[in-house]
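Structural description and commentary
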Amino acid sequence: MFATYDRITQSLNASAAAILPTLARFVFAATLLFYFWNSANTKWDGTPFSPGVGGYAQIFPKAMEAVGYDISQMSTFHWAVVVAGTLAEYILPLLIVIGLFTRFAALGMIGFVVVQSLTDLYGHGGIAHTETLGKWFDGLPTGAILDQRAFWMVVLVTLVLKGGGPLSVDRLLSKNR
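Residues numbered from 1 in each chain as written. Predicted model: local features only at pLDDT ≥ 70, side-chain atom pairs only at ≥ 80, totals over all residues. Heavy atoms only, no water.

1. As for the side chain of Ser39
You can see Ser39 is positioned in helix α2 (residues 33-41). For Ser39, a relative accessible area of 17% corresponds to the buried category. Side chain to side chain, Ser39 and Glu89 meet in a polar contact 2.8 Å long. Apart from residues lying up to four places away in sequence, Ser39 is in contact with Gln58 and Glu89. (Helix = DSSP H or I, 4+ residues; strand = E, 2+ residues; numbered from the N terminus. Buried < 20%, exposed > 50% of the residue type's maximum accessible area, 1.4 Å probe, protein only. Polar contact = N/O pair within 3.5 Å; in protein donor to acceptor, adjacent residues only side chain to side chain. Contact = heavy atoms within 4.5 Å.)

2. Describing the nonpolar core
The biggest cluster of nonpolar side chains holds 20 residues, and the ones touching the most others in it are Phe28, Phe36, Ile96, Met109, Val113 and Leu156. At the level of elements, α1 (2-31), α5 (76-98), α6 (102-123) and α8 (146-162) are the ones that each hand at least two residues to this core. A total of six residues in this core trace back to one element, the largest contributor, which is α6. Excluding residues that lie within four positions of it along the chain, Phe36 makes contacts with Phe28, Glu89, Pro93, Met109, Phe112, Val113, Gln116 and Trp152. By size, the runner-up hydrophobic cluster in this structure holds five residues, among which are Phe60, Met64, Met74 and Val82. (Core = buried A, V, L, I, M, F, W, Y, C linked by side-chain atoms within 4.5 Å.)

3. Quick word on the packing of α1 against α2
As a packed pair, α1 and α2 sit with axes 4 Å apart at the nearest point and diverge in direction by 45°. In terms of orientation, α1 and α2 fall into the oblique class. The segment α1 lies against α2, with Phe28, Ala29 and Thr31 engaging Leu33, Tyr35 and Phe36. Of the residues belonging to the contact of α1 with α2, the class tally is five nonpolar, one polar and no charged. (Axes fitted to C-alpha atoms, helices over the stretch in contact; angles between N-to-C directions. Parallel < 35°, antiparallel > 145°, perpendicular 65-115°, else oblique. Nonpolar A, V, L, I, M, F, W, Y, C, P; charged D, E, K, R; others polar.)

4. Quick look at a nonpolar patch on the surface
A cluster of nonpolar side chains, contributed by Ile19, Leu23, Phe26 and Val27, occupies part of the molecular surface with about 370 Å² of accessible area. With respect to the secondary-structure elements, Ile19 resides in helix α1. (Patch = residues over 30% accessible without salt bridge, like charges linked within 9 Å, V, L, I, M, F, W, Y side chains within 5 Å. Areas by Shrake-Rupley, 256 points an atom, 1.4 Å probe, with all protein chains shown as cover. Salt bridge = Lys/Arg side-chain N within 4 Å of Asp/Glu carboxyl O.)

5. What to know about the confidence of the model for the chain
Per-residue confidence for the chain gives a mean pLDDT of 93; residues scoring 70 or more make up 99%. Mean pLDDT values over the elements of the chain span from 82, in helix α7 (residues 130-133), up to 97, in α5. (pLDDT = per-residue confidence, 0-100.)

6. Digging into the side chain of Ser168
Tracing the backbone shows Ser168 in the loop between α8 and α9 (169-173). A relative accessible area of 5% means that Ser168 is categorised as buried. Residues contacting Ser168, with those up to four places away along its chain left out, are Arg25, Ile98 and Gly99.

7. A word on α2
For α2, the full list of buried residues reads Leu33, Phe36, Ser39 and Ala40. Axial view of α2: buried residues confined to an arc of 145°, hence all on one face. The inward-facing, buried residues of α2 contact α1, α3 (53-59), α5, α6 and α8. (Arc of directions from axis to C-beta.)

8. A few points about α8
Helix length check: α8 (17 residues) gives 24 Å between terminal C-alpha atoms against 24 Å at 1.5 Å per residue, within 8%. For α8, the set of buried residues is Asp147, Arg149, Trp152, Met153, Val155, Leu156, Thr158 and Leu159. In this structure, the buried side of α8 is in contact with α1, α2, α5 and α6. Where α8 ends, the next residue or the one after it, Gly163, has phi of about 80°, a positive value. (Expected span 1.5 Å × (residues − 1).)

9. Here's the deal with the packing of α5 against α6
Across the interface, α5 lies against α6 with an axial gap of 9 Å and an inter-helix angle of 140°. Classed by the angle they form, the pair α5 and α6 counts as oblique. Seen along the crossing, α5 lies across α6 with a hand that is left-handed. Residues Gly85, Ala88, Glu89, Leu92, Pro93, Leu95 and Ile96 of α5 form the contact with α6, whose own contacting residues are Thr102, Ala105, Ala106, Gly108, Met109 and Phe112. In the contact of α5 with α6, the residues fall into nine nonpolar, three polar and one charged. (Left-handed = near helix turned anticlockwise from the far one by under 90°.)

Right, here's the structure in full:
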């Protein structure tokens, strides 16, 4: 019985290198690609280089409130951050889905999600709402920040550690096919 179990687990271990990154990219595409692209679409006014009120209000909520939602009062720094964030929401998910520079794109998305979560918690006041924040080990998997984004992180960390997998542009460009 132990020998059979050992053979099965060795076979699973051997296939994990191909299955995990491919599955992680598929799950990312199926659940988060359009979430981030739709979010990016709310941030610009014509082009991603022309951020609108939505972009500034989402990324700098307290600063926008302080200037009465007048984007002309925002600095070049604010503009650069909104443009960079908007472009990141388009480019990084696309890179993950096609599997190009997958590890770097996933690492960038981890940073993006951390900043997004901190902005949601402290900039938009989510820290004061336990249903938004969530709580680990409470038996309720519905907290938007701690619960849902923990799952996002598992997918992204898998891609950082394993790469894009066999069905990726990274693999096509690799010398070690």
